[in-house]
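In case you want the letters, here they are:
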Amino acid sequence: MPLINIFVAMKKLFLLLSVSFLSYNGISQKLEFDFIASSLNETILDDYQFIKSHFLGNEVARKVKLLDLTYKWEDPPTPTRSTTLVKIEKQPIYFAIRKVINPKFYKNKIKTKSMSKDEAKSEMMEILDIAIMLRYQETDELESILRGIENGDQVLEVFKNQIELIYF
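Report on the accompanying structure.

Conventions adopted
Residues numbered from 1 in each chain as written. Predicted model: local features only at pLDDT ≥ 70, side-chain atom pairs only at ≥ 80, totals over all residues. Heavy atoms only, no water. Core = buried A, V, L, I, M, F, W, Y, C linked by side-chain atoms within 4.5 Å. Buried < 20%, exposed > 50% of the residue type's maximum accessible area, 1.4 Å probe, protein only. Helix = DSSP H or I, 4+ residues; strand = E, 2+ residues; numbered from the N terminus. Contact = heavy atoms within 4.5 Å. Arc of directions from axis to C-beta. 1 Å grid on protein atoms, 1.4 Å probe; cavity = no way out; pocket = protein on both sides within 12 Å on 5 of 7 lines; lining within 4 Å. Points joined across faces, edges and corners; volume = space filled by probe spheres on them. Pairing = 2+ DSSP bridges.

Moving on, we get to the nonpolar core. Judged by nonpolar contacts, the single largest core of 40 residues is most densely connected at L67, I97, L142 and F159. For this core, the elements supplying multiple residues, two or more each, are β1 (31–34), α2 (58–71), α3 (91–101), α4 (103–111), α5 (117–134), α6 (140–147), α7 (152–161) and β4 (163–166). The residues touching I97, leaving out its near neighbours within four places in the chain, are L67, I127, L128, A131 and F159.

Spelled out as structure tokens, the structure:
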């Protein structure tokens, strides 16, 4: 009889631990990053005469170019390599944002009337600002989350609900 009581007690303990573990993992903790206004400075864009247009307007096109300048850089040719090599820093963040920047993503939302063009522009500007500010911060945890993301809606979910900017 005591063996059965021990078994029942262990079963209850296991269930309790399982539920507490699942509830702990279910709580989405926000990732905190610093708000760095200087990283959003667009004066560097004055050197560029051509910025590829975007269907959401010139402001979005300028932010997309700023994002590219922030995350991408060119390694010049060397004596052993005759071509320029484009390097991308923090690839999981950059490629996740590219899923949202893709014109098809917001065009479909506007077409299905789930979002207006102004809402799409506002949301994209916010996401781009966050991505630009993250470039020079510690983002290992965010990068690991973004590696498993397959579509733009999931990227938006992470950027809107799991990232908190700290203003100091």
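What follows continues from the structure just given.
Of the positions making up α4, those classed as buried are F105, Y106 and K109. Viewed end-on, α4 has its buried residues packed into an arc of 80°, placing them on one side of the element. Turned more than 90 degrees from where α4 packs its buried face, K104 and K111 sit exposed. Buried residues along α4 sit against α3, α5 and α7. Once α4 finishes, K113 follows within two positions and takes phi at roughly 60°, a positive value.

Within the fold, E123 resides in helix α5. Among the residues examined, E123 registers a relative accessible area of 9% and is labelled buried. With sequence-adjacent residues up to four places away left out, E123 is seen in contact with Y106, M115, L156 and K160.

A word on the layout of surface pockets. The space that makes up the largest pocket amounts to roughly 280 Å³. If you go around the largest pocket, you meet 15 residues; those closest to its centre are K52, S53, H54, V64 and R98. Put simply, the parts of the chain that give the lining of the largest pocket at least two residues each are α2, α3 and α4. If you tally residues by element for the lining of the largest pocket, the top one is α2, at four residues. Forming the walls of the second largest pocket are K65, D68, L69, K72, W73, E74 and V86.

Moving on to the environment of F35. Mapped onto the elements of the fold, F35 is located in the loop between β1 and α2. Separated by 94 residues in sequence, F35 and D129 have C-alpha atoms that sit 9.6 Å apart. With near-sequence residues (within four places) excluded, F35 lies in contact with M133, L165, I166, Y167 and F168.

Looking now at the pairing of β4. Across the two faces of β4 the burial differs, with I163 and L165 buried and E164 and I166 not buried at all. Both β1 and β4 contribute to a ladder of four bridges, which runs parallel. Pairing of F33 across the sheet is with L165, part of β4.

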